[in-house]
Every structure is written in C-alpha cells, then in structure tokens.
2 protein chains.
Amino acid sequence: MAGIEEVELLGSVGSPFVIKVQIALKLKGIEYKYVEEKLGNLSETLLNHNPVYRMVPVLVHNGKPISESRVILEYIDETWKLNPILHSDPYKRALDRFWSKFIDDKCVVPAAKTIFIPDENEQEKAREELFDALQFLENELKDKFFGGEEIGFVDIAALFIPLFQEVAEKQLFTSDKFPKLHKWSQDFYNHPVVKEIMPSKEQQYAYFKARAASLAAASK
Amino acid sequence: MAGIEEVELLGSVGSPFVIKVQIALKLKGIEYKYVEEKLGNLSETLLNHNPVYRMVPVLVHNGKPISESRVILEYIDETWKLNPILHSDPYKRALDRFWSKFIDDKCVVPAAKTIFIPDENEQEKAREELFDALQFLENELKDKFFGGEEIGFVDIAALFIPLFQEVAEKQLFTSDKFPKLHKWSQDFYNHPVVKEIMPSKEQQYAYFKARAASLAAASK
C-alpha cells in the first residue's frame, strides 16, 4: 500500500478482545500505535469512535474507526494481504466465520459465567453448556491449528478458552477430556507471535478483576 | 462458474432468517430448490447439516452445508459475484458487518422481547432498548438504502424491523419518531425482489406463533 499508514489501536491491557486484534496485527507485521484505555473511565476519543458499544478494541486506520473484534479482524485481513487469516476458498471462509461466531456465542458466554457468576448451580449449568460446545470444537480440529499449519481466524477466536482456564485456574479442558484442544492450546501458546503478544498472567488477572467489578456495578 | 450447480435451501416459511437468504439468492438470480422444514419436527437432513444450532436456514451448495444467516449471505456474495451485497471497499465492508451484527444484537433481540415476553415491565424495557438502537440506525441511513441506491447487507439484516412491526401490529417505528427508517421500510417492501420473496402476513404470523410456542415449550 502506498503512502504513510496511520494505524492506532485503542485497547486495555489483558482484554482478550484486544489480544485478538494484536495477534492479527503482529501476524501481518503491521506497525501501530497502542493507546491504553481505562475500564470505567474511557477517553472521549474512544466514546466518539465507538458510541454504540463504548468498548475496546477500536482500530483506527488513517482516521477511520472500526469496532467489534471479529469485524476488525476481517478488515485487517482484507486490507493487508500478507499472511492471510481467513482461508481464501469461500466454503472454508464460511466455516471460519461459522466457528468463530460459535466460539463467541457458545464458549465465551458460558466460560465467563463459570468465572463471574457466584451461584454454584448456575456455574455448573454453564460448565455443562461449555463442555457440550467444546466437544464440537474438539471434533472440528483436524490439523495442528484450526487454520491448518498456521494460526487463523478460528484459532484467534478460540484464544479465550485457554485464557479463561489460565486466569480462573479452572480445569475447563483437560488432556483426557479434550486431548486435541489441550494439545492445540499448548501449540497456540507456544506460537512465537502469541508468546510475544500475550500479557503476563498478573495483567490478565487484573483485567478480569476490573471487568468483573464493572459488570457487578452495572448490574446493580 | 462451470458445471451444474446444485443449490438447496432448507427453510421454514415465514422465518425472517430464511427470507434474508431468499432475498440474497433472488438478488443474484440463483436458481435453487427450496425444502420446507417443520419447526419442532426437523428432518434428519437438517440435523445432520446443522447439528450445532439445529435451525433453519441451511444452504447446501454442491452437497456442502452452510448455516447461520450472516455467514450464508457472505458465502453467497463471495461465490456468485453478480449484484454485490457487501460493498467492495474494505472499510465499507467493515461497516456492513458492524451494522448487520448490531441489528442482530441490539434490534432483533429487544424487538422479539416486545412480542414474546408477557411481562409488561419487561416489554417496556425492551421497547426503550429498541428505540435507542433504532436511533443509531436512523442516524446511519444516508441514502435510499443502507447499501446506497440498491439493497445491501445491512438492508437485508434490517428486514426484521418492519417485519416485526407488521406481524405484531406494534408501532415500533413511526414516521414522526424515525422518519428516515419509516421511508426506508416502505422503499424496502416495495423493492421488486423483496415483494416477490416476502410471504403473506398470514404465513409470517403463523411462523411467529409456532416459534413463540416452541420457545415457550423449551423454557419449561
């Protein structure tokens, strides 16, 4: 692409949604300016760029803001062609989108409940839902990564799962229950780009604590 | 595209999700076989093709199944290039995806609540949420359609809104509250493709009744 690119990412350290975008940018080798946003005290810039959801991440490319992590990922992939994140074949692209949406709907929501909801019965119900969903993913995993030999759209979406497990210290998937996903999570975490991007466990934990507090405040 | 195309759509008459796919296929001029599925008594074929969500619509192209209406729409647009549904510019495509997701999350969910939830306080809360969301859409509408001079991805997503209003006979948007959306809904309904696809009010109503009954049965 010709001319000077201005790429800015508004994020909060430890947010899995932000980590997703950072991995995509890094896989493509795109230089960008990172701007930290504080949960509960978002900047005017953030609110102007994302008045609808009022959330990080927001990617600002040459002054144009893009919100919603899956939308941002597709934008990055269509704008910078090096190291594709989605498959090029339309059917495989459809599967990329299907499974990435599935992870957001059917894995992230119950996984968050097992961490954030205090009621033990509700937690147990969420854990069962999550296990059902993980079984679908376990069956879907055919290669080293969902993307094949390299990390792709579905792998980036799925980073939530080991991250939740790590931070909450809950056994969401063990090697005997989900052997393929377990191996995947190790390969994923050991990927050089993921290793470089992933914040420390303390930073992730601090983010989750702040997020839980802001959710609790919002529900009062 | 060379060779004989086999395109099959598994749907239920009156389902807005199915209508979305039918409009896309019609805009592209694609011939397909329609297979009717009964809510509450889905065929083995449907369950095999969409074991995850167990829902219509499912598009089967040369034997390969695709589920989830937004995923199907993107697949159709990438497979048959005539009469594009998404914009070609990456930033405008990102906005197409953003607003279409926004409609599903922030308009369809509260609109459904105003119809399906019996509690009046909850209904009122949902109506307020819906109005906030519609205001964003009202501000976003710059041309005749969200897609410009022709129907696009966001218009197809937004068909839910006039449809809910029509079927439930609720004043969700009036000409004085949302003048641009009101005019849009008339232009949209009068579009020859939409006119041809849209089932009768009786069929839509029958679908909504069946859907409400199956939701009520599931929550027991």
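In every chain, residue numbers begin from 1 and rise along the written sequence. Think of it this way: whatever chain is written first is A, whatever ligand is written first is 1, and the rest follow in order. Predicted model: local features are reported for residues with pLDDT of at least 70 only, side-chain atom pairs are reported and counted for 80 or more only, and whole-chain, interface and lining totals are derived from all residues. Where side-chain values are given, they derive from all heavy atoms of the structure, hydrogens and water being excluded.

### Examining the overall build of chain A
Secondary structure assignment for chain A yields 10 helices and 4 strands. To get the radius of gyration, use the C-alpha atoms; to get the globule rule, take the number of residues to the power 0.38 and multiply by 2.2 Å. Computed over C-alpha atoms, the radius of gyration of chain A comes to 17 Å, within 12% of the 17 Å expected from 2.2 N^0.38 for 220 residues, which places it in the range of a compact globule. Structurally, chain A occupies a C-alpha span of about 55 × 45 × 30 Å along its principal axes. Looking at chain A residue by residue over its 220 residues, the buried ones come to 50%. Whether two residues touch is decided by their heavy atoms; if any such pair falls within 4.5 Å, the residues are in contact. Taking as baseline every contact in chain A between residues at least 6 positions apart, the subset at least 24 positions apart corresponds to 68%. Only the protein chains shown count as cover for residues, and the accessible areas themselves come from Shrake-Rupley with a 1.4 Å probe. By element, 51% of the accessible surface of chain A is carried by carbon and sulfur atoms, the whole surface being about 10600 Å². Helix numbering and strand numbering both begin at the N terminus, where a helix is a DSSP run of H or I of at least 4 residues and a strand a DSSP run of E of at least 2. Type-normalised accessible area, obtained with a 1.4 Å probe on protein chains alone, sets the label of each residue: buried when under 20%, exposed when over 50%, and partly exposed for intermediate values.

### With respect to the interface of chain A and chain B
Listed by partner, the interface residues are 27 residues for chain A and 27 residues for chain B. Here the quantity called buried area is the accessible surface, traced with a 1.4 Å probe, that two parts lose on coming together, added over both. Of the roughly 2500 Å² buried between chain A and chain B on both sides combined, carbon and sulfur atoms contribute 68%. It is Tyr53, Tyr91 and Phe98 of chain A in chain A that bury the most area against chain B; as a group they hold 24% of the surface buried on that side. By definition here, a salt bridge exists when the distance from a side-chain nitrogen of Lys or Arg to a carboxyl oxygen of Asp or Glu is within 4 Å. Taken together, the links from chain A to chain B amount to 8 salt bridges. When the shortest N-O distance is used, the salt bridge between glutamate 78 of chain B and arginine 97 of chain A registers 3.0 Å. In protein, a polar contact means a hydrogen-donor-capable atom and an acceptor-capable atom, both N or O and within 3.5 Å, with residues adjacent in sequence counting only if both atoms are side-chain atoms; elsewhere, any N or O pair within 3.5 Å suffices. For the pair chain A and chain B, the interface holds 10 residue pairs in polar contact (both at pLDDT 80 or more). Counting only elements with at least two residues in the side of chain A that touches chain B, the list comes to strand S4 (64–67), helix H3 (69–79) and helix H4 (90–116) of chain A. If one sorts the elements of the side of chain A that touches chain B by residue count, H4 of chain A sits on top with 11 residues. Of the residues contributing to the side of chain A that touches chain B, the split by class is 14 nonpolar, 3 polar and 10 charged. Residue polarity is assigned by list, with Asp, Glu, Lys and Arg as charged and Ala, Val, Leu, Ile, Met, Phe, Trp, Tyr, Cys and Pro as nonpolar; anything else, Gly included, falls into the polar class.

### Regarding the side chain of serine 12 of chain A
Inspection of the secondary structure puts serine 12 of chain A in the loop between strand S1 (7–11) and helix H1 (16–28). Aside from chain neighbours lying at most four places away, what touches serine 12 of chain A is Val18, Tyr34, Glu36, Glu37, Val56 and Tyr207 of chain A.

### Section: the sheet that holds S4 of chain A
Backbone-to-backbone hydrogen bonds pair the strands of a sheet. The strands run either parallel or antiparallel. Residues and elements named next belong to chain A. DSSP calls a pair of strands paired once it identifies at least 2 bridges connecting them. Taken in spatial order, the 4 strands line up as S2-S1-S3-S4 in an open sheet, and their pairing is mixed. The open sheet has two edge strands with one neighbour each: strand S2 (33–36) and S4. On average, each strand axis in the sheet is tilted by 20° relative to the strand beside it, whichever way the strands run. Bridging between S1 and strand S3 (residues 58–61) involves 4 bridges; their strand directions are antiparallel. When the bridges of S3 are listed, valine 7 appears paired with histidine 61. The angle between two axes is taken between their N-to-C directions and runs from 0 to 180 degrees, where each axis is a line fitted to C-alpha atoms and a helix contributes only its stretch in contact.

### Some remarks on the environment of serine 69 of chain B
Residues and elements named next belong to chain B. When you line up the elements, serine 69 lands in helix H3 (residues 69–79). Taking the C-alpha atoms as reference points, serine 69 and valine 18, separated by 51 residues in sequence, lie 7.5 Å from one another. Sequence-distant contacts of serine 69, that is, excluding residues within four places in its chain, are made with Phe17, Lys20, Val21 and Pro57. Polar contacts involving the side chain of serine 69 include one to the side chain of lysine 20, which spans 3.2 Å.

### Looking at the UniProt feature "domain: GST N-terminal" (unreviewed entry) in chain A
UniProt positions are given in the numbering used here, feature names are shortened, and annotations may be inferred rather than shown by experiment. The feature "domain: GST N-terminal" (unreviewed entry), as given by UniProt, occupies residues 5–84 of chain A in the numbering adopted here. In residues 5–84 of chain A, helix accounts for 38% and strand for 21%; the two terminal C-alpha atoms are 19 Å from one another.

### Focus on the packing of H1 of chain A against H3 of chain A
In helix packing, the relevant descriptors are the interaxial angle and the interaxial distance, both defined with respect to the helix axes. Residue and element names in this part refer to chain A. Contact geometry of H1 with H3 gives a least axis separation of 9 Å together with a crossing angle of 5°. By the angle between their axes, H1 is roughly parallel relative to H3. Facing H1, whose interface residues are Phe17, Lys20, Val21, Ala24, Leu25 and Lys28, H3 presents Ser69, Arg70, Ile72, Leu73, Ile76 and Asp77. Per-class residue counts for the contact of H1 with H3 are 7 nonpolar, 1 polar and 4 charged. An angle below 35 degrees is read as roughly parallel, one above 145 as roughly antiparallel, one from 65 to 115 as roughly perpendicular, and any other as oblique.

### Structural notes on the sheet that holds strand S2 (residues 33–36) of chain B
All names here are of chain B. An order of S2-S1-S3-S4 is seen for the 4 strands of this open sheet, with the pairing classed as mixed. Each edge of the open sheet is held by one strand with a lone partner, namely S2 and strand S4 (64–67). Shown here is a sheet whose adjacent strand axes are inclined to one another by a mean of 20°, direction ignored. As paired elements, strand S1 (residues 7–11) and S2 share 4 bridges and run parallel to each other. Bridge pairing in S2 links glycine 11 to glutamate 36. Against the sheet, helix H1 (residues 16–28) contacts S1, S2 and strand S3 (58–61), and its axis sits at roughly 155° relative to S1.

### With respect to the relation of the copies chain A and chain B
Relating one copy of the chain to the other takes a rotation about an axis and a shift parallel to that axis. The fit set for superposing copies consists of C-alpha atoms from residues with pLDDT of at least 70 in both; the fit itself is least squares. Superposing chain A onto chain B requires a rotation of 180° together with a translation of 0.0 Å along the rotation axis, leaving an RMSD of 0.0 Å. Classification of the inter-copy transformation places it as that of a two-fold axis. Here 100% of the interface residues in chain A have copies in chain B that are interface residues too; the copies meet face to matching face.

### Section: H3 of chain A
Taking burial as the measure, the 11 residues of H3 of chain A include 11 buried ones, the bulk of the element. Those residues of H3 of chain A lying buried are Ser69, Arg70, Val71, Ile72, Leu73, Glu74, Tyr75, Ile76, Asp77, Glu78 and Thr79 of chain A.

### Describing the packing of H3 of chain B against helix H4 (residues 90–116) of chain B
Residue and element names in this part refer to chain B. Across the interface, H3 lies against H4 with an axial gap of 12 Å and an inter-helix angle of 155°. Relative to H4, the element H3 lies roughly antiparallel. The two elements H3 and H4 meet at a crossing, and its hand is right-handed. Taking contact as the criterion, the partners of Arg70, Glu74 and Glu78 in H3 are, on H4, Arg93, Arg97, Ser100, Lys101 and Asp104. Handedness of each helix crossing follows the sense of rotation of the near helix against the far helix: counterclockwise by less than a right angle gives left-handed, clockwise gives right-handed.

### With respect to empty space enclosed by the protein
Using protein atoms alone on a 1 Å grid, points that fit a 1.4 Å probe yet trap it form a cavity, whereas open point sets bounded by protein on both sides within 12 Å along at least five of seven lines form a pocket; residues with an atom within 4 Å of a point count as lining. Grid points are joined across faces, edges and corners, and a volume is the space filled by probe spheres set on the points. Evaluation of the coordinates by the stated rule reveals 1 cavity of 30 Å³ or more. For the largest cavity, the calculated volume is near 190 Å³. Forming the boundary of the largest cavity are 14 residues, of which Arg70, Glu74 and Arg97 of chain A together with Arg70 and Glu74 of chain B lie nearest the centre. For the lining of the largest cavity, the secondary-structure elements that each account for two or more residues are H3 and H4 of chain A together with H3 and H4 of chain B. Looking at the lining of the largest cavity residue by residue, the class counts come to 4 nonpolar, 2 polar and 8 charged.

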